[in-house]
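Spelled out, the chains give:
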Amino acid sequence: MSPDTSPHAPSPWRPGDEPDLDRTIAYRVPRTAANEAHTVRLPSWTEPEEIGPATVPGPAAPPAGRDRRGRGWILALVAAVLVGVVGGGVWAASKLSGGGAQPQDVLPANAIAYVRLDLDPSAGQKLALFGIARKFSATREAFDGDDPRKALVTALQKGEPGLSKADYARDVEPWLGDRAGLAVLPADGGGDPVGALAVQVKDEAAARTGIAKMGLDGGKGGLAFREGYAIIAMSQKLADEYVKAAPLSGEPRFAADLDALGEPGVLSFWMDVEKVADAGWSEVAATPVLRQIRGMRLAGALRFSGDYAELAGITRGGTAAPGRPEPVKIGELPASTVAAASISGLGDLLREQWPSVEQSASGSGGEMVRQALAEARTQYGLSLPDDLATLLGRSLTLALDEQDLDGGQPRVGAVLTTDTAKARDVVDRLKGHLNGMERSAGIATAEGDGRFVIASTQEYADALNGGGTLGESETFRLTVPDAANATYAVYADLDRLEKLYLDSLNGQGRADAEKLRAVGLSGTHGEDGSTFALRLVFN
């Protein structure tokens, strides 16, 4: 039902936001009421959340002292989903969406780096995070209750003795919100960058007292408040300046990068790579190899699904090579593949960067590089960089097969998309050199239709040359998203590889390892920047 025809009260969300509740949280910020207090007391993790004019119905509270696990926000999430689906109330669904101000809305726009932690993300992120955390022994206890903030503060107290004076229930829980952000800012007059911390608060007065107990007193730093956040800085002067500054969320490049990133998940980060390098490592940023970072920005997010955890990111700006490499063909490997790595464009990249390689070899400390290049030319008869670029090809895919995995000779191979005649010539020269040393080269080859295969056995070389259906595997598709368009990808099927290491584990370590299904890294790179996604998939 559209907002115009809904019998319910007008939605607090901006027009156009209602049809898509899975959009980035930044798009789902409630409009502030005219009479809203400067600091709003947020509901605690164990309080029932409001759904429309009423509260979430639930069972009666257990007697004091009994386990309350399962109540609180988990019940609110389930009930609100039902209300949102059955009743169509957008406001009800918004209680699951992690709306409200984010740390980037209160930290200064001149930040050169930023990290955000959100323990009140969208509903799907909350449920997936808790479900995954409770699978493993290392995190099960911390996520056993309904309040991950307590688990976080407890962990911080263990690492910082100065925080141990504060009692969570008395000094922290009454005021601590669900979000925090750290900005790295340029120092006035140059020098090392400084940090500014934004912590969401429910009660300013309680926050002042609690933060002082946690060590911010006696002139050790500055504290100010802005839009429901405590801003903690190196000095009171800086804290006062930060709460008056234009917000980072209004910086056009930052906003565009987060828009391109999408769902910010539980943790997200952003960095102006060039400015960070200039601020802390100016001598490194001046080196020829790292000149490509000029103008580059990096953004990423840690996200969760019911089946996997994902660290995803993008880069924008910088000096990119012209064009875009062709997609890799990792999905065309045999279905029996248990591990693989594939990347496009290495041959062209080697030719482009070869002058830098030779420059490094001729400089001080380049003795090892000079020796390796000389050995490749004299002992193996390679013409550099051309022969090496031929072997790297337009794309290079390495593969490990399940057959004979734990035997004496595992089946390994490489599939090259390259000039097959040139590749055959290079491999024949290498084989001739090895055979001349009175030892078998142990290299099998196959070729066809622009594809050259090198493998440990002829049987496996023929299997790789014939292609396969790895890309149709459910595990592969979940682990390597959008593999058909990826320009690089790495994949490991842990369920089938665990025979190599599971017997060396016991007890809880073995149980944890058995919950890991697969791991993959994939993405794209080209003129418009790059993307990456690192996924750990669970059973």
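Starting from 1, residues in each chain are numbered consecutively following that chain's sequence as written. With pLDDT at 70 or above as the cut-off, local features in this predicted model cover only qualifying residues; side-chain atom pairs require 80 or more to be listed or tallied, and sums for whole chains, interfaces and linings still use all residues. As a rule here, side-chain values cover all heavy atoms of the structure and leave hydrogens and water aside.

*Asks:* Which parts of the structure should I look at to understand the overall build of the protein?
*Replies:* When you go through the protein residue by residue, the secondary structure sums to 19 helices and 18 strands. In this scheme, a residue with accessible area under 20% of its type's maximum is buried, one over 50% is exposed, and one in between is partly exposed, where area comes from a 1.4 Å probe on protein chains only. Expressed as a percentage of its 539 residues, the buried residues of the protein come to 42%. Should any heavy atoms of two residues lie within 4.5 Å, those residues are counted as being in contact. When contacts within the protein are restricted to residue pairs at least 6 apart in sequence, long-range pairs at least 24 apart make up 65% of them. If you sum the accessible surface of the protein, you get close to 26,800 Å²; carbon and sulfur atoms cover 56% of it. Only DSSP runs of H or I with at least four residues qualify as helices, and only runs of E with at least two residues qualify as strands; both kinds are numbered from the N terminus onward. To measure how exposed things are, a 1.4 Å probe is used in the Shrake-Rupley method; for residues, cover is taken only from the protein chains shown.

*Asks:* It is not clear to me how helix 12 (residues 346–362) should be interpreted in this structure. Could you clarify?
*Replies:* Given 3.6 residues to a turn, an α-helix orients residues that are three or four positions apart in the same direction. With 17 residues, helix 12 extends 23 Å between its outermost C-alpha atoms, agreeing within 8% with the 24 Å of an ideal straight helix rising 1.5 Å per residue. By the largest-angle criterion, Gln-353 marks the main kink of helix 12, which is about 50°, and a proline, Pro-355, follows within four residues. Here the buried face of helix 12 lies against helix 13 (367–378) and helix 14 (386–392). By this rule the span expected of a helix is its residue count minus one, scaled by 1.5 Å. What is called the bend at a residue is the angle between a pair of axes, fitted to the seven residues leading up to and ending at it and to the seven starting from it.

*Asks:* Just checking my understanding: could you explain the packing of aromatic side chains for this structure?
*Replies:* Where two aromatic rings form a pair, the distance of their centres and the angle of their planes describe that pair. When two rings of Phe, Tyr or Trp (its six-membered ring) have centres within 6.5 Å they constitute a pair, described as stacked for plane angles under 30 degrees, edge-to-face for angles over 60, and tilted for the intermediate range. Under the defined criterion, the tally for this structure stands at four aromatic pairs. Where Tyr-114 meets Phe-254, the ring centres are 5.7 Å apart and the plane angle is 80°; that geometry is what we call edge-to-face. Of this pair, Tyr-114 sits in strand 3 (residues 113–118) while Phe-254 is found in helix 9 (residues 252–261), placing the two residues 140 residues apart along the sequence. Phe-254 matches Tyr-114 in its accessibility class, with the two residues each being buried. Geometrically, the ring pair formed by Phe-476 and Tyr-491 is edge-to-face, given 5.1 Å between the ring centres and 75° between the ring planes. Of the two residues, Phe-476 sits in helix 17 (residues 474–479) while Tyr-491 sits in strand 16 (residues 488–493), which places them 15 residues apart along the sequence. Tyr-491 matches Phe-476 in its accessibility class, with the two residues each being buried. These aromatic residues form a ring-pair network of at least three members: Tyr-114, Phe-254 and Trp-270. Geometrically, a lysine NZ or arginine CZ counts as sitting over a ring once it is within 6 Å of the ring centre and also within 35 degrees of the ring normal. The aromatic ring of Tyr-308 is capped on one face by Arg-535, whose charged end is 3.9 Å from the ring centroid.

*Asks:* Can you walk me through the confidence of the model for the protein in this structure?
*Replies:* Caution applies to low-pLDDT regions: their predicted coordinates should not be interpreted in detail. pLDDT is a per-residue confidence score from the predictor, ranging from 0 to 100. The pLDDT averaged across the protein works out to 78; a share of 75% of its residues lies at or above 70. Scored below 50 in pLDDT, residues 1–97 makes 134 contacts in the model with residues more than four places away or belonging to other chains.

*Asks:* Whenever I open this one, the nonpolar core confuses me. Can you help?
*Replies:* Side chains of a nonpolar character, in soluble globular proteins, are inclined to be buried together. Here, nonpolar core refers to any group of buried Ala, Val, Leu, Ile, Met, Phe, Trp, Tyr and Cys residues whose side-chain atoms link them within 4.5 Å. Grouped together as the largest cluster of nonpolar side chains are 25 residues, with contacts concentrated most on Leu-107, Leu-185, Ala-198, Ile-231, Tyr-242 and Phe-254. Apart from residues lying up to four places away in sequence, Ala-198 is in contact with Pro-103, Val-106, Leu-107, Arg-179, Ala-180, Gly-181, Tyr-229, Ala-230 and Ile-231. Residues Ala-340, Ala-455, Tyr-460 and Val-537 belong to the second largest nonpolar core, which totals 24 residues.

*Asks:* Which parts of the structure should I look at to understand the side chain of Thr-417?
*Replies:* Within the secondary structure layout, Thr-417 lies in strand 13 (residues 412–417). Accessibility expressed as a relative area gives 8% for Thr-417, which makes it buried. What qualifies as a polar contact is a pair of N or O atoms within 3.5 Å, subject to a donor-acceptor requirement within protein and to the restriction that residues adjacent in sequence count only when both atoms come from side chains. At a separation of 2.9 Å, a polar atom in the side chain of Thr-417 contacts the side chain of Ser-395. Apart from residues no more than four positions distant in its own chain, Thr-417 is found in contact with Glu-326, Gly-393, Arg-394, Ser-395 and Gly-450.

*Asks:* Please explain the pairing of strand 14 (residues 444–448) as it appears in this structure.
*Replies:* One face of the sheet, then the other: side chains in a regular strand alternate in exactly this way. At least two bridges found by DSSP between two strands is the condition for calling them paired. In terms of strand pairing, strand 14 meets strand 15 (residues 451–455) through five bridges, oriented antiparallel. When the sheet's bridge partners are listed, Ala-446 is paired in strand 15 with Val-453. In sequence, strand 14 turns back onto strand 15 through a hairpin of two residues, with Asp-449 there showing a positive phi of about 55°.

*Asks:* What's the story with the pairing of strand 15 in this structure? I'm lost.
*Replies:* The pairing of strand 13 with strand 15 spans five bridges and is antiparallel. The residue bridging Val-415 from the neighbouring strand is Val-453, located in strand 15.

*Asks:* So what exactly am I meant to see when it comes to unusual backbone geometry here?
*Replies:* Generally, phi is negative for residues other than glycine and the peptide bonds are trans, each holding for most cases. Of the consecutive residues Leu-384 and Pro-385, the connecting peptide bond is found in the cis state with omega at 5°. Mapped onto the fold, Pro-385 is located in the loop between helix 13 and helix 14. Positive phi is not limited to glycine here, since Asp-449 has a value of about 55°. Position of Asp-449 relative to the elements: it lies in the loop between strand 14 and strand 15. Using a relative accessible area of 79% as the deciding quantity, one classes Asp-449 as exposed.

*Asks:* Looking at this model, I keep getting lost on the pattern of salt bridges. Mind explaining?
*Replies:* Side chains that carry opposite charge are capable of pairing whenever their charged atoms lie near each other. Any carboxyl oxygen of Asp or Glu that lies within 4 Å of a side-chain nitrogen of Lys or Arg is treated as forming a salt bridge with it. Considering all chains together, one arrives at 26 salt bridges under this definition. Salt-bridge contacts for Glu-358 lead to Arg-377; the nearest nitrogen and oxygen are separated by 4.0 Å. In this pair, Glu-358 is assigned in helix 12 and Arg-377 in helix 13, connecting sequence segments 19 residues apart. Residue classification places Arg-377 among the partly exposed residues on the basis of a relative accessible area of 35%. Ionic pairing is found between Arg-496 and Glu-402, a salt bridge with its closest N-O pair at 3.1 Å. Here Glu-402 lies in the loop between strand 12 (395–401) and strand 13 and Arg-496 lies in helix 18 (residues 494–497), a separation of 94 residues in the sequence. Here the salt bridges do not stand alone but share partners, grouping Arg-149, Glu-173, Asp-178 and Lys-202 into one network.

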